[in-house]
Amino acid sequence: MAVYIYACQVNYCCLKKPLIPKFKDLRASISSTFKPFLTNLEHFPLIMDVPKVIKENSFKLLDKFVDLTFEFVDQPLLPSQSNFAPVEEIGEAVRVTIIQGKIPNDFPEGVYVRNGANPLFGGLKSTKSIFGKSSHIWVEGEGMLHALYLTKEKGKGNKWNVLYKNKYVQTDTFNMEKHRIKPSFLPNMEGDALAVFMASLLNLLRFGVFHKYLSNTNVFEHSKKYYSIAENHMPQEINIQTLETLGNWTVNGAWSQSFTAHPKKVPCTGELVIMGTYPLKPYFELGVISADGKQMVHKVDLKFNRCILCHEIGVTKRYNVILDFPLTMDLSRLIIGEQLIKYDEDGYARIGIMPRYGDTNSIKWFEVEPCYVFHLINCFEDNDEVVVRACRARRWIMPGPLSLDTLNKTSFNKENVESSKDLFSFFGVCEWRLNMRTGKVEMKNLTTTDHQFIMEFPMINEHFIGLKNKFGYLQLIGSEAFSKSANNLSGGFAKFGGLAKLYFEEKQVEISKDDKEDQEDLIKVEYHIFPKYTFCSGATFVPKLDGVDEDDGWIVSFTHDENTNQSQVYIVDAKKFESDPVAIILLPNRVPYGFHGAFMPFNL
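Residues numbered from 1 in each chain as written. Predicted model: local features only at pLDDT ≥ 70, side-chain atom pairs only at ≥ 80, totals over all residues. Heavy atoms only, no water.

Novice: How should I be thinking about the overall build of the protein in this particular structure?
Specialist: Of regular secondary structure, the protein possesses ten helices and 36 strands. Within the protein, buried positions represent 58% of all 604 residues. Sequence-distant contacts, at least 24 apart, represent 68% of the contacts inside the protein between residues at least 6 apart. When the accessible surface of the protein is summed, it comes to about 25400 Å², and 51% of that surface belongs to carbon and sulfur atoms. (Helix = DSSP H or I, 4+ residues; strand = E, 2+ residues; numbered from the N terminus. Buried < 20%, exposed > 50% of the residue type's maximum accessible area, 1.4 Å probe, protein only. Contact = heavy atoms within 4.5 Å. Areas by Shrake-Rupley, 256 points an atom, 1.4 Å probe, with all protein chains shown as cover.)

Written out as structure tokens, the structure is:
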């Protein structure tokens, strides 16, 4: 589930037990005491500037120490988790020969590519040591791109040539560990306090960073260049034809820190709006990259007084939309034994509307009911109002990092099933209308609360980003699959058993008993449900090249049939959404469940 996936991809470990006693005055003094040290660690170089011989001998001693004190152990997978297991690179692209149905003649030529976690060396690891145990969490793993190339054969009419290829994203830390031909980075996202602390320290001393750069979350295009991204590091440029990693994208040295997994392209100008959040000041920085991708035309510290876990930023024609919700990350909490990531039940929540090149003083803030949003659907201007549509959780409900070891111990009983129904009521699609003239806020839920589905990982026709749009599409987690799964997170949350199409300008006709009070606000929703035990990831909207309507196009998604262990790509007509797929492309290789996908047309 999105509300969990991205909270886990941070550079710092989460200690469960206090390292020192809790003194009343510790919180007040900790920032000034530890900030210089932490700042130095944050910007620690990958290669320290020390004489080569000393450096090599030091590294050898540290490696020997790790080999003697830490034992890597594979984290097992349940049968229901089998498609989370990693796969190998297949090398050269493989021709796809089996297609059920027919790829439409007017489908654009291009590549459908999806990112996801694919751990090196056989899977996620735990470690045992004299310091205790530490573990990877279930979403960790190096980024692997899975690409389906669709082109028409020249001189053969509408005959399609379809190729499949996968390849790791080769970040700096990927290359370090791959060169060693064995697990080397110690897992540090969950475990015994001392083990997690020592794992982080040893990673820093040996490699210059606390945690690996995973680059496993999303892919995007800007100025005809293509990038892989996870928001704990800068993007990596990718050769879209070969999937080779070309290097880090620093915008010619102007940006070398965290970079949102969901940058937004500005309508009309083509500029790219990005953000970076950090556990140290500046907590939140915003940037605007030129349409040609060559320079940072605007960069500003928004002067936040806390580090928020923020996965999204929005744009309209004139504004940047900033989410400031009460899920925070605070390094000082680690020192006193509290959780690094915490949802403040009594904290404030607000949405900021900022002129494109504004600063902290130009932001107009709107207080909203505390909640959490990982994914925006779209934002746009409507007369005096800025409209923000999002997948909203009424509060942050995830308890903290969970490894596969922990998940394997989780099972459902009658009480769990009932609580899962309650859990579904926490999620919905909502709309905020923020009046720039009066300061008034109106919020309404757009979708049902009948506990049937959780809707997440939204997508729209990208030609309408920042503009008023009629349709949205989301991936579905079904309550039945959730309640029957062997464990709630890897069996339910990450398995999307269908798709939804939202009609923002049409009302729901049939109203359930639970929804009668809000029936005027509920919108029409259509569903495309996959066969039993088939689940999707990385769905995206592919517009027709000569399309007239906003929904002229297709939803494309990687799917996996767990009965047959067959991975596929579904192509669903967005105008005939509830009909059978127009094509199901059977892939020559298993594709594990992943995160976000995109379609890159070759006619850019």
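Novice: What is the right way to look at the nonpolar core in this model?
Specialist: Soluble, globular proteins show a tendency: their nonpolar side chains are buried together. Of all hydrophobic cores here, the largest spans 62 residues; its most connected members are Phe284, Leu286, Phe325, Ile351, Trp432 and Leu502. Filtering out sequence-adjacent residues up to four positions away, Phe325 remains in contact with Arg306, Ile308, Tyr348, Ala349, Arg350, Ile351, Val368, Cys371, Tyr372, Val373 and Trp432. Core analysis: the second largest hydrophobic core is formed by 31 residues, Met189, Phe427, Tyr570 and Phe577 among them. (Core = buried A, V, L, I, M, F, W, Y, C linked by side-chain atoms within 4.5 Å.)

Novice: Help me understand the environment of Tyr593, please; the structure alone is not making it clear to me.
Specialist: Assignment of secondary structure puts Tyr593 in the loop between β35 (583–586) and β36 (597–601). Spatially, the C-alpha atom of Tyr593 lies 8.3 Å from that of Phe558, the residues being 35 residues apart in sequence. For Tyr593, the contacting residues outside a window of four places in its chain are Asn83, Phe84, Arg114, Lys495, Phe535, Ser537, His560 and Glu562. In terms of polar contacts, Tyr593 uses its side chain to reach the side chain of Glu562, at 2.6 Å. (Polar contact = N/O pair within 3.5 Å; in protein donor to acceptor, adjacent residues only side chain to side chain.)

Novice: What am I meant to see in the sheet that holds strand β25 (residues 385–393) here?
Specialist: Strand pairing within a sheet occurs via backbone hydrogen bonds; the two strands may be parallel or antiparallel. Pairing within the open sheet is antiparallel, and its four strands lie in the order β24-β25-β26-β27. Of all the strands in the sheet, the pair left with one neighbour each is β24 (372–382) and β27 (441–445). Each strand of the sheet is rotated relative to its neighbour by a mean of 20°, with strand direction disregarded. Relative to β27, strand β26 (residues 427–435) runs antiparallel, the two being bridged by five bridges. What sits directly across from Arg433, in β27, is Glu442. (Pairing = 2+ DSSP bridges. Axes fitted to C-alpha atoms, helices over the stretch in contact; angles between N-to-C directions.)

Novice: Sorry, what's going on with a nonpolar patch on the surface here?
Specialist: On the surface, Leu194, Phe197, Leu201 and Leu205 cluster together into a nonpolar patch covering about 300 Å² of accessible area. For Leu194, a relative accessible area of 42% gives the class partly exposed. (Patch = residues over 30% accessible without salt bridge, like charges linked within 9 Å, V, L, I, M, F, W, Y side chains within 5 Å. Salt bridge = Lys/Arg side-chain N within 4 Å of Asp/Glu carboxyl O.)

Novice: Help me out: how do you make sense of the packing of aromatic side chains in this one?
Specialist: By convention here, two paired aromatic rings are described through the distance between centres and the angle between planes. Tallied over the entire structure, the rule returns 26 aromatic pairs. For the pair Phe284 and Phe304, a centre-to-centre distance of 4.9 Å together with 35° between the ring planes defines the contact as tilted. Highlighted residues: Phe284 in strand β16 (residues 284–289) and Phe304 in the loop between β17 (296–301) and β18 (314–315), separated in sequence by 20 residues. According to the relative accessible area criterion, Phe284 is buried, its value standing at 0%. (Phe/Tyr/Trp six-rings, centres within 6.5 Å; stacked < 30°, edge-to-face > 60°.)

Novice: Could you clarify how one ought to interpret helix α4 (residues 172–180) in this entry?
Specialist: Each turn of an α-helix holds 3.6 residues, which means side chains three or four residues apart point in the same direction. Within α4 the residues assigned to the buried category are Thr173, Phe174 and Glu177. With its buried residues spanning 105° around the axis, α4 presents them on a single face. For α4, the secondary structure elements touched by its buried residues are β8 (160–168). Note on α4: the residue one or two positions beyond its end, Ile181, has a positive phi of about 60°. (Arc of directions from axis to C-beta.)

Novice: Help me out: how do you make sense of helix α5 (residues 193–207) in this one?
Specialist: Here α5 spans 21 Å end to end across 15 residues, near enough to the 21 Å set by a 1.5 Å rise per residue. Summarising burial for α5: eleven of the 15 residues are buried, a large majority. Along α5, the positions that sit buried rather than exposed are Ala193, Ala195, Val196, Met198, Ala199, Ser200, Leu202, Asn203, Leu204, Arg206 and Phe207. Looking one or two residues beyond α5, the residue adopting positive phi is Gly208, at roughly 85°. (Expected span 1.5 Å × (residues − 1).)

Novice: Can you help me understand the pattern of salt bridges in this one?
Specialist: Any two side chains of opposite charge can pair, so long as their charged atoms come close to each other. For the structure shown, the criterion picks out 28 salt bridges. Arg306 serves as the salt-bridge partner of Asp324, at 2.9 Å between the closest nitrogen and oxygen. With a gap of 18 residues between them, Asp324 in strand β19 (residues 319–324) and Arg306 in the loop between β17 and β18 connect regions that are remote in the sequence. On the accessibility criterion, Arg306 (13% relative accessible area) is buried.

Novice: Can you walk me through unusual backbone geometry in this structure?
Specialist: Leaving glycine out, the prevailing phi sign among residues is negative, and the prevailing peptide bond configuration is trans. A cis geometry characterises the amide bond from Lys281 onward to Pro282, with omega recorded as -5°. Mapped onto the elements, Pro282 comes out in the loop between β15 (272–277) and β16. Even without being glycine, Val251 reaches a positive phi, approximately 55°.

Novice: Is there a simple way to explain the side chain of Glu221 in this structure?
Specialist: Counting through the fold element by element, Glu221 comes out in strand β10 (residues 218–222). The exposure class of Glu221 is buried, given its relative accessible area of 18%. Polar contacts involving the side chain of Glu221 include one to the side chain of Lys265, which spans 3.0 Å.

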